[in-house]
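Chain residues, written in single-letter form:
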Amino acid sequence: MGEELSFDIDQRILDTISQEFDVKKLVENFAKNIENKERKEIEDIAKKVFREYGRNLMARAIELGKKYSDRTYDVMKEVAEKTGVGPFPHVSQRFLEIFNMGTQHSVLNVAVSTRSQFTHRVGPCVFLNTIKEKCGEDIANLLTCKHIDLSALETLYNNLKLPVDVRMEASIPSEGYCQFTAIRKT
């Protein structure tokens, strides 16, 4: 009998991300930094704090995902290489799943996955809910947490050397979920 292959994301990855990127600590730090600040200052602070967090988290998700590879990731890489399709959208999706499961503790909600477009949705959102808890509804509705996702996606596609345009198309306050789309440049 051969070696048993795992198709699941290694639990060590998710545990490491949960420990190293504690959402409550992030939001507590953000809350301290925005005390008695005007709206414009809050947005500037959020961009700095949340962009850095998103970049670092995605870089760590990629690092850990490669270190603790599983059969699913190995097959995705093989298919991408053999077909010439490249890492978009499936390989990039795998790292986004790690990012999402390590912070949101839920599976990635994929709306569109083609050779030219990848769209996913988030909601409910642990970042938004924690900001709402700690900073209040008004601050949460500024949707400053979008900077986490946008910088993480930028980091992901830059790391994989994929030319894409990333945009946010929906938000929890308006549509009940946040939606992010990556369109592959031709």
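Data block above holds the structure.
So, a few notes on the structure that sits alongside this text. Because the structure is a prediction, the values reported are computed rather than measured.

**Some thoughts on the nonpolar core**
Okay, step 1: Core analysis: the largest hydrophobic core is formed by 54 residues, its most contacted members being M58, F95 and Y157.
Okay, step 2: Among the elements that make up this core, the one with the highest residue count is helix 3 (residues 39-67) (11 residues).
Okay, step 3: Contacts of F95, omitting those with residues within four sequence positions, involve M58, A61, I62, G65, K66, Y73, L156 and L160.

**Topic: the sheet that holds strand 4 (residues 178-184)**
Okay, step 1: With respect to topology, four strands assemble into an open sheet ordered 1-2-4-3, the strand pairing being antiparallel. The open sheet has two free edges, formed respectively by strand 1 (109-113) and strand 3 (164-170), since each of these has just one partner strand. Strand-to-strand, the axes of this sheet are offset by a mean angle of 20 degrees, without reference to chain direction.
Okay, step 2: When strand 3 meets strand 4, the two strands line up antiparallel, connected through six bridges. Directly across from D165, in strand 4, lies its bridge partner I183.
Okay, step 3: In the packing of helix 5 (residues 90-103) onto the sheet, contacts are made with strand 1 and strand 2 (117-122), and the angle to strand 2 comes to roughly 15 degrees.
Okay, step 4: Along the sheet face, helix 8 (residues 146-159) touches strand 2, strand 3 and strand 4 and points at about 160 degrees away from the line of strand 3.

Rules used throughout
Position numbers for residues count from 1 along each chain, tracking the sequence in the order it is written. The model is predicted, so local features are restricted to residues of pLDDT at least 70 and side-chain atom pairs to those at 80 or more, both for listing and for counting; the totals for chains, interfaces and linings are taken over all residues. As a rule here, side-chain values come from all non-hydrogen atoms in the structure, and water together with hydrogens is ignored. Put simply, buried Ala, Val, Leu, Ile, Met, Phe, Trp, Tyr and Cys residues joined by side-chain atoms within 4.5 Å make one nonpolar core. With a 1.4 Å probe rolled over the protein chains alone, any residue whose accessible area is under 20% of its type maximum counts as buried; one over 50% counts as exposed, and the rest are partly exposed. Numbered from the N terminus, helices here are DSSP runs of H or I no shorter than four residues, and strands are runs of E no shorter than two. Any two residues whose heavy atoms approach within 4.5 Å are treated as being in contact. We call two strands paired when DSSP finds no fewer than two bridges between them. Between N-to-C directions, angles span 0 to 180 degrees; the directions come from axes that are lines fitted to C-alpha atoms, helices contributing only their stretch in contact.

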